[in-house]
Structures are given as structure tokens and as C-alpha cells.
Amino acid sequence: MGIQDLQIFLENEGVGVDLFRIARTQPGGFRLVLDAEGCLDRLYGGYFSDWACGGQWARCVQFLTTLAQALAEHQVALCVCFNGAHPTPPALPQHWIQTQSTYRQRVNSVLRHIATKGTPPPKVWWVPPTGLHSCLRTALRYLNIPIMVSTDDHCQEVVGLCREKTYAGLVGCSGEYLVFQPPRYFSSSQLKLTYRSSLETKEYMVHELPKLLDVPQDRLCLMAALLGGVILSEQSLTDFYKRLGIAQKKQQIPPETLIKTVSQFVHDLPSSDIDAACIEIFGDLNDLRAAKLKQAVQYYLNGTKDGFLKYRTASGRRPKNSKKNQKSDLSPLSTSTDMDTSKLATESSEHEQKGLEDYKLATANASINADFSMEDHCHELVQGVAAASLEGGDATNVAAKQEKSEKHAKEAPSTSGSSRHSDDNCPPAPAEVLRTCAERHTRGLMHPQMLSILTHRQITLPVLMEDDNHREIPSIHHFFRPIRQNVYAILYNMHHHRFMAQKAKDEGMASTSSVNDRPCTVQVAEWIYSRVNPGKSPEIVHGVVLDWPVPTVQRLWFGTAQDDKCRRMRAFLSCMRSDTPLMLNTSYVPQHLLILAAVLRFIMTSQIQILRRQELDAFLATAFSNDLMNALHLQEMTVNGMSSRGVQLGALVMAGAEAALLANDACGAPVPWLVAAPWLYFDGKLLQRNLHRAAHCKHLAQLCDNHLDTVVKVERMRKAILEGLEVEFAMPPLPLVGVVGEPLSWRGRGRGARLEIAGVVVGQWGGGSYPTHPRTSRYPQQVSYVGYTPPTRNAYGGRGWRGGRGRARGRGVARGTTRARRSRSEHEPAKPTTLTINGKTVRPDEMSPTADNGSPHEDNSQPDDDGEGTQPQKTKTGKNIKKNIARGKKKNYSQKSDVAQTLDNGPLDTSQVEEFNHNSEQEHFGQGDAPVSN
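Residues numbered from 1 in each chain as written. Predicted model: local features only at pLDDT ≥ 70, side-chain atom pairs only at ≥ 80, totals over all residues. Heavy atoms only, no water.

Caption draft 1: Structural context of unusual backbone geometry. In this model, Asp214 sits at a positive phi of 60°, which is unusual for a non-glycine residue. Positive phi, close to 60°, is recorded for Ala669, a residue that is not glycine. Assignment of secondary structure puts Ala669 in the loop between α31 (644–666) and α32 (684–694). Assessed through its relative accessible area of 10%, Ala669 is described here as buried. (Helix = DSSP H or I, 4+ residues; strand = E, 2+ residues; numbered from the N terminus. Buried < 20%, exposed > 50% of the residue type's maximum accessible area, 1.4 Å probe, protein only.)

Caption draft 2: Local environment of the packing of helix α27 (residues 562–575) against helix α28 (residues 594–604). Running from N to C, α27 and α28 cross one another at 40°; their axes reach a closest spacing of 9 Å. Relative to α28, α27 is oriented oblique. Note on element contacts: α28 touches α27 through Leu594, Ile595 and Phe602, opposite Met569, Phe572, Leu573 and Cys575. Here the contact of α27 with α28 is built from residues that sort into seven nonpolar, no polar and no charged. (Axes fitted to C-alpha atoms, helices over the stretch in contact; angles between N-to-C directions. Parallel < 35°, antiparallel > 145°, perpendicular 65-115°, else oblique. Contact = heavy atoms within 4.5 Å. Nonpolar A, V, L, I, M, F, W, Y, C, P; charged D, E, K, R; others polar.)

Caption draft 3: Up close: the environment of Asn690. Turning to its location among the elements, Asn690 is positioned in helix α32. Looking at Asn690, the relative accessible area reads 2%, which means it is buried. When the C-alpha positions of Asn690 and Val639 are compared, they lie 9.3 Å apart, and in sequence the two are 51 residues distant. Sequence-distant contacts of Asn690, that is, excluding residues within four places in its chain, are made with Ala618, Ala621, Thr622 and Leu703. A polar contact is formed between the side chain of Asn690 and the side chain of Thr622, at a distance of 2.8 Å. (Polar contact = N/O pair within 3.5 Å; in protein donor to acceptor, adjacent residues only side chain to side chain.)

Caption draft 4: Local environment of the nonpolar core. Core analysis: the largest hydrophobic core is formed by 171 residues, its most contacted members being Phe480, Leu491, Trp557 and Phe572. Looking at this core element by element, the count peaks at 14 residues for α31. Every residue in contact with Leu491, bar those within four places of it in the chain, is listed here: Ala429, Met450, Ile453, Leu454, Val553, Trp557 and Ala666. Ile3, Val159, Leu170 and Leu232 belong to the second largest nonpolar core, which has 54 residues in total. (Core = buried A, V, L, I, M, F, W, Y, C linked by side-chain atoms within 4.5 Å.)

Caption draft 5: The arrangement of the environment of Arg484 in detail. Summarising the element assignment, Arg484 is placed in helix α23 (residues 481–491). Judged by its relative accessible area of 5%, Arg484 falls in the buried class. Apart from residues no more than four positions distant in its own chain, Arg484 is found in contact with Ile459, Leu461, His477, Glu526 and Leu662.

Caption draft 6: Layout of α23. Most of α23 sits out of view: 10 of its 11 residues are buried. Following α23 by one or two positions, Asn493 has its phi on the positive side, about 55°.

Caption draft 7: Structural view of the pattern of salt bridges. Within this structure, the stated rule accounts for 22 salt bridges. Where Arg443 meets Glu439, a salt bridge forms, and the shortest distance between an N and an O atom there is 3.2 Å. In this structure, Arg570 and Asp579 form a salt bridge, with 3.3 Å as the shortest nitrogen-oxygen distance. Since its relative accessible area comes to 37%, Arg570 is described here as partly exposed. Taken together, the shared-partner salt bridges connect Glu472, Arg612, Glu615 and Arg645 into one network. (Salt bridge = Lys/Arg side-chain N within 4 Å of Asp/Glu carboxyl O.)

Caption draft 8: Structural view of the pairing of strand β5 (residues 169–172). Because side chains alternate across β5, one face comprises the buried residues Gly169 and Val171, and the other comprises Leu170 and Gly172, equally buried. Sheet topology note: the β5/strand β6 (residues 185–187) ladder contains three bridges and is parallel. Bridging across to β6, Val171 finds its partner in Phe186. Between the parallel elements β5 and β6, the chain passes through helix α8 (residues 175–180) in a crossover that is right-handed. (Pairing = 2+ DSSP bridges. Right-handed = clockwise from strand over helix to strand, strands pointing away.)

What follows is the structure, encoded as C-alpha cells:
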């Protein structure tokens, strides 16, 4: 839509090229700028059908490693640019909402497809997996490929970098780049690394664009502005389109029609004067749209070759010799004069070396097929984080962005006052913090949301792979909001300001004004696209201080003392609700799994019970799996039983990892960036397989492929995660069982039935009609359990799920029944099992025993020979069972529950019951019992 239609219009005009072949003709190498936002699926590793599982990060890193090796071999230098700009209103509720609405529709289609078919979705619904940007930034930094993250305007900064650093070309897929006319322009959406060692794409002849559109060169920016964009939207130009005869009701204008009609109109204008064009289009220069049109035209002029030089001079960039004035320009809030504020304290060579050692330890057991060994890059990374900066090291651009950041921070209370409440009385962030954040943001060394929080006090949160109805899992962004609230308080020194205010008040120096009487509170506007609020207004969120005196953000970022190191880690763990002794014990939680452990503990500490016991073990088994970094094996592995819940759980944990990375950067990066890489603890495809297996495994060793060392690691890490918690796992779905363990799949109408064991009613259901159409899904009526609820068979053998205490209570527990069972005499024999169906009682001696050594999931029953010849056995329906009971026939039922099979062997005495319970306790010892608080 809008300016992007120009890119769509020229797709067929591109010429196929090989970038490696072009590089051979360049004597000094071929230097390109790559806009990553247009080729996220390509950087992910090309299209793979398992992207919806949560992210195949090992496969992604393997592809990037192969790409980096090919680029170095053919002397192609690449600088990858990410969009870190935070658009401010009115641009935010316009372009951002359209993008999120498209993603929301795709996510709904993906989840619907997985729920109905259980297979990976098609490529047309591709949505970036949660955490893809962080994974790409970390991997590219690890591979020593330069990164640039935009700050204010993404397209302007990308093309500005291309011209300022004299790159040979730009690789992107935005229509704005066509108007900016870079030296050479290639398509990023068509980028392909082939097995023939070629990097293929399309090249657009941007300098021939005016000739192709039949528009003079000096009117090209006017034509682009009339197509609609961020500044002047298509909705504002509806009247203009109607005059041209191209407006269609409730339908989008075809790109070809729009481009040709607008180009013809611009060509027919009598002059190139903008004022005359505004009068011709809107009829009056005083129209508000006329001012926006002029602004849009100037925007495109600033991106051209001639306009860039004027824009660069007028943008207020600092000269290179202004570094001496930077330290003297500290704000009055600055209290870090005794610390080196040029870089974070964790950027020391000692800390970097420690991170490398932890990474090598984590990848020591990686498969040989994983093509990202650390040995080739150790000598480069030891030199520090400067290797990941842009080529040339020009400090002028960084200084200009630092100045803009300080300006935005000072103007934040006034510019965003419409979206912030008057209770926000927190001073701006310190100047040295802003400068450090702007520099690290530009180089891709810090979470992109940090700068937006510090300068605009706003944050945008993208649509995730979750159900918008939140049937099973709550809203993920709202679930992890407490982490962000603690981050806001840390970044704005809320605890320090409140402490100083209280101290001044105690000394009698406080002002008598009512404004100063309120405690210091920071408010951040969170833009979350949802069905209830589709981006119409932000949600105002207050910062929340931690429950201990947190040091200032200057001390957390720049402090070099040993106490500062400990406080950095404690602040991070406190944000994640993981400040426990075992979390820092590497024998329980390895260093590279600290992020995952903190996220899982945060989920378990919530009042909302989300994870089931086997699902927690599936996450841990994935992190400790020997196949985690075997990209070839994971690529060939097939996932059976892909579920919508499993996909959402993967998105939940990866969103928690994103929140953990934000908290880590806010606390001064106590966790080294390399050991926080997601490919060290997560793979979506492997997770989906483990979730499916965990639902059917009888014990943890079976889930871990009978690797006892993996079982021990999982047990120890689970103990650290659940340390000191009253564990309550989410209940699994109630098993819909019918007659002695048979699934409820009856058709037709019935009068209902009830199930009695030892004289106690344990299940009953009512009759009803069911749809008979073959394409209509048949949902059996819900079984209501009265009294004892039989344990599920897919839960490691079937103990209770709440804390592993063996107590599983059904809905509507009949207390009188329970008391009657407890008051039974010790020497009184147990009553035989009876099954009452529609008033007919069947005793266990009337039912033949099941076949030995039969699997509970297999049908081993054989048809009876009643003299009528061998006939294939029919499905047991309600009517068949009723007829068999009336005739007095005996049938074999292969699918029986454990309780029914035990009771079929005869009455139970007390000693047998005690022995059965003892064996059950021995079987579940150490498999999920809640740890005792130390």
C-alpha cells in the first residue's frame, strides 16, 4: 500500500544478478548495506516449514555461518541494519497498526491450521518467530559482521549510512529506497544463497525510474508523496484519488493503476512548484494536508544524493573534536564522576574472556555436524566489542544520535504528555546513561527497547504466536509486564529518588508543594495490539521498585567494585523472581542456561498455573539434549503431533527470554552476551517433539532417551527452578473415558450411564444426540467425576499433578463418599467392582479378563465365534453394549483402566492396597516432588 506499491510495481522490472560474480569485477571488494527488515525469513535460513514451532536457532546460526564464510571467500563486505527506531504519534498508530493487524491475521490462520491438521503451516503465513531479532544480532556479532540499528528514521538512516560510508549498493525491499536512488539497489526479498556458491538476487535500475514512469527527475519526490506514506496517508488522499477516477469502495487500488494514474497526473502539471501543486490537488494552501504534502516531499528529498548533503549539514551534527565537551556536558543528576562512563563495566576483557570460556564449555558436547565452532573466532572476539562496530569507526554519526537522544529525553514529559498521566514526576535519565545507551544501541550491543524507554518513555510490543482469546495461556505481554515494570524503575532510579526525597523530608528540607509530596513514579506507555485495543491508545504502566535498595543505574552500569558485580546479578535475578541460592550454583544451573531457568521460574511463581509437570520437563530435556546443536539432525527430524498449545508455550518462553535480555541490559549486563544466546538452550522443533513425547512417556528417563546423566541434570535444574515454591502445576485435560477405560465415542441417542467402582460412583454422564454428519466434529459430552478421579496415563505413570503430592481431586468431590471410604473397617473386604449402565449392573466375574502383555493403547481383543462365522469386530457403541448386557453375552474389553484391571482379579485386601501405594511412591521418587525450602 502507498509507497510500497512502487516496489511491487517494479518487481517484474528487476534483473537477476549474482552478487559474488559482481564482486569479482570490483578490485577493492564489494561493500553492501543490507536492510534486515526485508529479508528476515532469508536470514533465518531460508524457508523451513518448522518456523512456527518457536525458532530453530541452531539451524539459523548454521546458515549465517555459511553465509559469512561465503562472503569472506568472495570479498563481499556486508553491514546489516535493523530497525530500532521508535515512531512517535501520529506515525505510530498508522503504519505500526497496519503491520500488526497483518501479523495478527496470519497468527490466527497458523493456530487454526495447527489445531485442525496438526501439521506445519504454509509459507504464505510466515511470521518472524519470537526472539528472531535478538538471535540475529547475537549471531552476527558472534560472526564479526558489522551491525547498525536505526534510532529515529530507519530508511533515512540506512540510505544515509550507504552514502556516508561510500558503500557500493543497498539491499532492501522498501519503496522509499527507489525514490532515494542509492548507487545500486538490490532486492532483499529475492536474496538466495545457493549450493553453487552464488548469492542471487534482483537488481533494480533505479536511475532509469523517471524514464520508466515518464516523470521528470525533479518531480519524482512529489509523485512518491502522492502515493501515500507515513506522513501523508492514503486516507488523506481519498478525495484526490476520486478526482483521478481510481477510488474503489471497500477495495484496495491495484498498484499498477495507482502508479500509472498518479505518474500521469504529475507529468501533466504545468510546473514543478510545490505550492502550485498543493493548490491543484487540495484547492487551498491553508489545507492541513498541503503542509503534510510539503513535509513528505522534503522527506524524500533528504534521502536523495543532492538532498542528503544539505540534510547532513542542517541536521546539527557535532564536529569530531567535540569529545572534550561531552564529559563536561553532564546533567546535574550525574553522580558517576568517579567512574569511567565511556563503556559498561562488563565490557572489560576479563568479562569477555569469561563469556568465551562459558560458551566453549556449553558447546563442548555439540555435534560435529554443527558448523559453528568457536575456535575460529576466539582471537577476534577477545579484542572486545569494538570489532562489531561499523567500518571506519566514525564517531560523528554516534555523537549526533547521542545529542538527539538527550534532546528526546528532555522533551519526553512534554511531547508525550497526551499519552502519559500526570502522576509521572520522575526526572529524566542521567546524561551519561543516555549517551552510553545511544552508542550501544547504534552498534547493536543493547536491546533496542532500552533507548525507546529512556528517550520517549514508550515501548512497542509486537504480535506474538498466541491465541487472541487466551483460552489456555494468558496474554504473554501482560504476563511478563512485572519484569518490564522493574526495568522502568531501575533505569529511572526510582528507589534512589524516593530515598533522597525521604531523607530530605526527614531533615526538614522538603518543599511544601503537593507535587513533591508524591513519591517518585515513572510511567511508560506500552503499545500492545490486541483484539480489545487494536493500537488505538497505549497502556500506561507504572514502574515498580524492587524489595531491596537497588543501586543507581550509573553504579549498575559503570561500577567496577566486587560489590557492584554482585548487585548487578542480584538486580537481574530479582527482576526475574529468581534470587535464590541454587540459581547461581552452576552444578544445578549451568551458566548458559541461566536465562532459561530464570524464565521458567518466573512462570512457575505466577498465580496463574500455566505449565504442566511434563511440559516443564520437556523444556529442560530440550536444553540438555545432545541434539540441541545438531542442525542436520534437527532439520531431518519430523515432528508428530504438533499442537497449538505447544506452539504457544514456545512463544511464551521465548518472549520471557526477550524480557530477560531487556532486564539483563538494564542491570548492566551481568550475564555475558554470548552465553545468553538462544541457540544454547532452545530449539522449537526439538521442543515440540519433546512435548509430544512427554505426554505419552511413563517416566523421565524415557523422555531423555534413557540417558541417565541427562535425567540427573534435568532433576537438579528442576530443583533449582522450584526451590522454595509451593508448586502447583496446571491440570492436564480430564480424560474422557467411558466403560472401563474405553474412549467415549458413542453415536446416536442414549439415556446416559454411570460408573461405579467398589460401590462408589466415580463417573456419570448423560445421554444426548450427537451429530452424524461425517465432516462435523463430534464432541462427547463432558464426564463429571464424583469422588475419585483416575490418574492420567500420560503423566509418567500417573500420580497427582499438583506439586507431585499424589493427590488428584476431581471436580465436585463428594465429601460424604470420601468419609465413608475412610471409615471402612480394616478387616472388611473391599466390595467387588460393579458397573451400572442404565440401571443394569454388571459384576466383574461376568467380564472375561483381558489379554496378557497387551499395550493399553492397542486393541488386542478377538471376536467371539457364535456359530455365525468369523466377522470383523464392530466398534463398541452404546447400543451394542446395551444389547450385549440384555442378552447376557460376555465380551472382552482390551482398553481398561488400571483400577478396573486390578479389581477384575478379585477383591482387594488392605495389605495389597498398601503395597500398591508403596510401589507407586517408589516409582515417582525424585520425579517432580516440590523441593523443600531452605
